[in-house]
Amino acid sequence: QVQFVESGGGLVQPGGSLRLSCAASGSIFGINFMGWYRQAPGKQRELVAHISRGGSTYYVDSVKGRFTISRDNAQNTVYLQMNSLKTEDTAVYYCNALGRSDPWGQGTQVTVAS
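Nothing here was measured: the structure is a model prediction, and the numbers come from that model.

Peer 1: Explain the side chain of Glu 6 to me, using residue names and the numbers behind them.
Peer 2: Residue placement: Glu 6 occurs in strand β1 (residues 4–7). As a buried residue without a salt bridge, Glu 6 has its nearest oppositely charged side chain in Arg 45, at a separation of 8.9 Å. Engagement of the side chain of Glu 6 in a polar contact is seen with the backbone nitrogen of Cys 95, the distance being 3.0 Å. For Glu 6, the side chain forms a polar contact with the main-chain nitrogen of Gly 107, separated by 3.0 Å. The contact partners of Glu 6, leaving out residues within four places of it in the chain, are Ser 21, Trp 36, Tyr 93, Tyr 94, Cys 95, Gly 105, Gln 106, Gly 107 and Thr 108.

The following block contains the structure:
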């Protein structure tokens, strides 16, 4: 079982940028896919992006071209660079492994507003 702690969220203007970090309590070297999820009030949690052990990436259409996921296996950390933020990106952002049963962290709040 691995625990994840998200950080880096905050309030930002539309068009702004944020960099989210996800620190794992243990090694992520053996985890095939790490992902970032988000959940807005009244909506289902959705997968935003994931990255494989070898660096292959996937993005949901709504963030493609604006977000970049990366991982540092030596530091057991996953990142999400968020550029050109829109109001509809407002949500609590979580990271987790795919295909495992690790617990969810508290997430980090991202608010995009004028």
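Peer 1: Outline the environment of Tyr 79, supporting the account with residue identities and numerical values.
Peer 2: Counting through the fold element by element, Tyr 79 comes out in strand β8 (residues 77–82). Assessed through its relative accessible area of 18%, Tyr 79 is described here as buried. Not counting residues up to four positions away in its chain, the partners in contact with Tyr 79 are Arg 19, Leu 20, Ser 21, Trp 36, Thr 68, Ile 69, Ser 70 and Asp 72.

Peer 1: Quick one: what's the story with the pairing of strand β5 (residues 46–52), residue by residue and with numbers?
Peer 2: Most of β5 is tucked away: 5 of the 7 residues are buried. Relative to β5, strand β4 (residues 33–39) runs antiparallel, the two being bridged by 6 bridges. When the bridges of β5 are listed, Arg 38 appears paired with Glu 46. Taking the residues between adjacent antiparallel strands as the criterion, β4 and β5 are bridged by 6 residues, where Gly 42 takes a positive phi near 75 degrees. Bridging between β5 and strand β6 (residues 57–59) involves 3 bridges; their strand directions are antiparallel.

Peer 1: Give a detailed account of the sheet that holds strand β2 (residues 10–12), specifying residues and quantitative values.
Peer 2: With mixed pairing, 6 strands are arranged side by side in an open sheet as β2-β10-β9-β4-β5-β6. Two strands lie at the open edges of the sheet, namely β2 and β6, each paired on one side alone. Neighbour-to-neighbour, the strand axes of this sheet turn through a mean angle of 20 degrees, independent of strand direction. Relative to strand β9 (residues 91–97), β4 runs antiparallel, the two sharing 6 bridges. In the sheet register, Trp 36 faces β9, and the bridge partner there is Cys 95.

Peer 1: Describe the state of the cysteines, and please don't skip the residues or the numbers.
Peer 2: Here the structure, examined in full by the defined rule, presents 1 disulfide. Disulfide pairing is shown between Cys 22 and Cys 95; the S-S distance is 1.7 Å. Negative torsions about the S-S bond denote left-handed disulfides, and the value of about 65 degrees found for Cys 22 with Cys 95 makes this one right-handed. Highlighted residues: Cys 22 in strand β3 (residues 18–24) and Cys 95 in strand β9, separated in sequence by 73 residues. With relative accessibility at 0%, the residue Cys 95 sits in the buried group.

So, how was this worked out
- Residues numbered from 1 in each chain as written.
- Predicted model: local features only at pLDDT ≥ 70, side-chain atom pairs only at ≥ 80, totals over all residues.
- Heavy atoms only, no water.
- Helix = DSSP H or I, 4+ residues; strand = E, 2+ residues; numbered from the N terminus.
- Buried < 20%, exposed > 50% of the residue type's maximum accessible area, 1.4 Å probe, protein only.
- Lys, Arg positive; Asp, Glu negative; His and termini not counted.
- Salt bridge = Lys/Arg side-chain N within 4 Å of Asp/Glu carboxyl O.
- Polar contact = N/O pair within 3.5 Å; in protein donor to acceptor, adjacent residues only side chain to side chain.
- Contact = heavy atoms within 4.5 Å.
- Pairing = 2+ DSSP bridges.
- Axes fitted to C-alpha atoms, helices over the stretch in contact; angles between N-to-C directions.
- Disulfide = S-S within 2.5 Å.

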